[in-house]
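Residue strings, one per chain:
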Amino acid sequence: MKKRGRGMACGWYGIARTAAMDRAAAWVELDDGGTVKVMTGVTELGEGILTVLCQVAADEMGVTPEDVTLGDNDTARVPEAAHAGATRQTYMISNAVALACRDAMAKFREAMARRWEVAPERIHARHGRCWADDPHNRHECTMSAAVHALKFEHGIVIVGSGLYSSQHTALDPADGHATPWKSYVWGAQIAEVEVDTDSGEVQVLGVWAAHDIGRVINPRGVEGQIEGGVVMAVGHALMEEYSQKDGVTTTPSFAKYILPTALDVPHVTSVLIQEVDPNNPLGVKGIGEPAMVPTAPAIVNAIYDAVGVRIRTLPATPERVLEALRHKGRQQTLKITERAPA
């Protein structure tokens, strides 16, 4: 017999590195043709951070993402930005790039204001064009033309630099008081499962995942991170078990280490809650590890809702679910026997 149930769980997660000061730096240049060159020692592992940085730079510099190029990320030649981990890439490096762009745009506005004889705050740029909104002295041109004029008529090259640091404090040795993380990501998920009471197999049918991640820069990228986190957590909750004996692994290869396949991936509904983080220039957070924090407890709660057994050791394998069902059956039989008249 198959029975369905739903379970809910919440979670929170501190982002960016702790225990040591976290920082990231970047340089930008407003280049020929009105393009923008970004240089930072970013690590791209496939999570899409390069696309995010192009989007940030384009928005800050008033060009299109296609007009942004990322330079060599060799830290022997560009500013260091640290590793991909701790859900820190968007939070740390995007802010460093934004600060570098704002530094460059301040210089650009100053130079164009002198050229057009208007106040710097009257200079704006968007979609590859810049203009002065002074009602008595209106000007407009492409970013390409502006860069050409500044370089070849005024000898000005627009460059900017940015450094972003997470300001946290170490743990107090007396009472443990500290601010170990500068920002936290909050989330809640609901899982729906189907439990086969004959085989003990659990199938996750759907997961509804709502996460507060600050300002969203790339919605599809965020949804992809959430879906990936949920799939990893499904493996953690139901399949993946690393065993060892006397300090020696008894799971020596992936041949016996069960991972989720495409057939195990549930339908994931992502809900992006954009509560802008006031503690950083862009108002962003991150969604790497936080996406998988609530999933396993939500699945375990759903199993309880479906068949009334509480799984306390992960993964919830068919053997453990069946044993829990047998234990529940024995307990019910014992209660009936105790109530029966002598």
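My aim in this report is to walk through the structure given alongside it, one point at a time.

What counts as what
Residues numbered from 1 in each chain as written. Predicted model: local features only at pLDDT ≥ 70, side-chain atom pairs only at ≥ 80, totals over all residues. Heavy atoms only, no water. Helix = DSSP H or I, 4+ residues; strand = E, 2+ residues; numbered from the N terminus. Rg over C-alpha atoms; globule rule 2.2 N^0.38 Å. Buried < 20%, exposed > 50% of the residue type's maximum accessible area, 1.4 Å probe, protein only. Contact = heavy atoms within 4.5 Å. Areas by Shrake-Rupley, 256 points an atom, 1.4 Å probe, with all protein chains shown as cover. Lys, Arg positive; Asp, Glu negative; His and termini not counted. Charge placed at Lys NZ, Arg CZ, Asp CG, Glu CD. Core = buried A, V, L, I, M, F, W, Y, C linked by side-chain atoms within 4.5 Å. Phe/Tyr/Trp six-rings, centres within 6.5 Å; stacked < 30°, edge-to-face > 60°. Patch = residues over 30% accessible without salt bridge, like charges linked within 9 Å, V, L, I, M, F, W, Y side chains within 5 Å. Salt bridge = Lys/Arg side-chain N within 4 Å of Asp/Glu carboxyl O. Pairing = 2+ DSSP bridges. Axes fitted to C-alpha atoms, helices over the stretch in contact; angles between N-to-C directions. Parallel < 35°, antiparallel > 145°, perpendicular 65-115°, else oblique. Left-handed = near helix turned anticlockwise from the far one by under 90°. Nonpolar A, V, L, I, M, F, W, Y, C, P; charged D, E, K, R; others polar. Polar contact = N/O pair within 3.5 Å; in protein donor to acceptor, adjacent residues only side chain to side chain.

### Details of the overall build of the protein chain
Then, number 1: Each helix and strand in the protein chain was counted, giving six helices and 13 strands.
Then, number 2: The C-alpha radius of gyration of the protein chain comes to 27 Å, more than 25% above the 20 Å expected for a compact globule of 342 residues.
Then, number 3: Viewed in the frame of its principal axes, the protein chain has a C-alpha envelope of about 105 × 45 × 45 Å.
Then, number 4: Taking all 342 residues of the protein chain together, 43% fall into the buried category.
Then, number 5: A separation of at least 24 residues holds for 72% of the contacts in the protein chain among residues at least 6 apart in sequence.
Then, number 6: Accessible surface, the protein chain: about 17,800 Å² in total, of which carbon and sulfur atoms supply 54%.
Then, number 7: The protein chain carries 33 positive and 42 negative side-chain charges, and their two centres are separated by 5 Å.

### So, the nonpolar core
Most often, soluble globular proteins keep nonpolar side chains buried together rather than apart.
Then, number 1: Core analysis: the biggest nonpolar cluster contains 86 residues, and Val97, Phe108, Cys130, Leu238, Ile299 and Ile303 have the highest contact counts within it.
Then, number 2: Ranked by residue count, the leading element in this core is helix H2 (residues 89-116), at 15 residues.
Then, number 3: With near-sequence residues (within four places) excluded, Ile303 lies in contact with Val193, Val195, Val202, Leu238, Gly308, Val309, Ile311 and Ala316.

### Considerations on the packing of aromatic side chains
Then, number 1: Per the stated rule, a full pass over the model turns up five aromatic pairs.
Then, number 2: Taking the centre distance of 5.9 Å and the plane angle of 70° together, the rings of Phe254 and Tyr257 count as edge-to-face.
Then, number 3: Its relative accessible area of 65% is what places Phe254 among the exposed residues.
Then, number 4: Clustering of aromatic rings is evident, with ring pairs tying together Trp12, Tyr184 and Trp186.

### Quick notes on a nonpolar patch on the surface
Then, number 1: A surface patch of nonpolar side chains, about 270 Å² in accessible area, is lined by Met8, Ile190 and Trp208.
Then, number 2: With respect to the helices, strands and loops of the structure, Ile190 is situated in strand E9 (residues 183-196).

### Description of the pairing of E9
Then, number 1: Of all 14 residues in E9, ten are buried, a share of seventy percent or more.
Then, number 2: Across 14 bridges, strand E1 (residues 2-15) lies against E9 in antiparallel orientation. The partner of Met8 across the bridge, within E9, is Ile190.
Then, number 3: Pairing geometry for E9 and strand E10 (residues 202-212), over ten bridges, is antiparallel. Directly across from Gly187, in E10, lies its bridge partner His211.

### Quick word on the packing of helix H4 (residues 219-238) against helix H5 (residues 295-307)
Then, number 1: Packing of H4 against H5 leaves a shortest axis separation of 8 Å and a crossing angle of 55°. The angle between the axes of H4 and H5 places the two elements in the oblique class. Crossing geometry of H4 relative to H5 is assigned as right-handed. Here Val230, Ala233, Val234, His236, Ala237 and Leu238 of H4 lie close against H5, whose contacting residues are Thr295, Ala296, Ile299 and Ile303.
Then, number 2: Counted by class, the contact of H4 with H5 contains eight nonpolar, two polar and no charged residues.

### Description of the pairing of strand E2 (residues 22-31)
Then, number 1: Buried residues dominate E2, accounting for eight of its ten residues.
Then, number 2: As judged from the eight bridges shared by E2 and strand E8 (residues 159-166), these two strands associate in the antiparallel manner. Looking across to E8, one finds that Arg23 is bridged to Ser165.
Then, number 3: In the sheet, E2 pairs with strand E3 (residues 35-39) via five bridges, with the strands oriented antiparallel.

### Some remarks on the environment of Asp59
Then, number 1: Along the chain, Asp59 falls in helix H1 (residues 49-61).
Then, number 2: A relative accessible area of 34% places Asp59 in the partly exposed class.
Then, number 3: Along the primary structure Asp59 and Ala98 are separated by 39 residues, whereas in three dimensions their C-alpha atoms are 9.0 Å apart.
Then, number 4: With residues up to four places along the chain from it excluded, the contact list for Asp59 reads Arg126 and Arg215.
Then, number 5: Polar side-chain contacts of Asp59 include one of 3.4 Å to the side chain of Arg215.

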